[in-house]
Amino acid sequence: MLTVPENLPPAYITFLEAQDEGFAETVLMVMKQSVAEGKYGILVSSHALDRQAELSQEVPFGEVVEGTR
């Protein structure tokens, strides 16, 4: 069961709820870093075999954008 901190922005929580538990755990680590810094949002990019999440200067804090890099 995924434990979600109370201080996550609403868009982060909504995104996590739509993911399978394995990927949600991966994304949650990046989201915690985002909240700690309070500067950047999350970019989730899809590659041929997997998805990854990273902080992105191009995404406003508190938002999650799915795209490619």
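Right above here is the structure, for reference.
Reading guide: rules and limits
- Residues numbered from 1 in each chain as written.
- Predicted model: local features only at pLDDT ≥ 70, side-chain atom pairs only at ≥ 80, totals over all residues.
- Heavy atoms only, no water.
- Helix = DSSP H or I, 4+ residues; strand = E, 2+ residues; numbered from the N terminus.
- Buried < 20%, exposed > 50% of the residue type's maximum accessible area, 1.4 Å probe, protein only.
- Contact = heavy atoms within 4.5 Å.
- Areas by Shrake-Rupley, 256 points an atom, 1.4 Å probe, with all protein chains shown as cover.
- Lys, Arg positive; Asp, Glu negative; His and termini not counted.
- Charge placed at Lys NZ, Arg CZ, Asp CG, Glu CD.

A. Fine view of the overall build of the protein. Scanning the protein from N- to C-terminus turns up two helices and three strands. Scanning the protein from its N terminus toward the C terminus, one meets helices and strands in the order α-α-β-β-β. Along the three orthogonal principal directions, the C-alpha set of the protein runs to about 35 × 30 × 15 Å. Of all 69 residues assigned to the protein, the portion counted as buried reaches 33%. In the protein, 30% of the contacts between residues at least 6 apart in sequence involve partners at least 24 apart. Counting only carbon and sulfur atoms, one obtains 51% of the accessible surface of the protein, whose full area is about 4,400 Å². Within the protein, one finds 4 positive and 11 negative side-chain charges whose respective centroids are separated by 7 Å.

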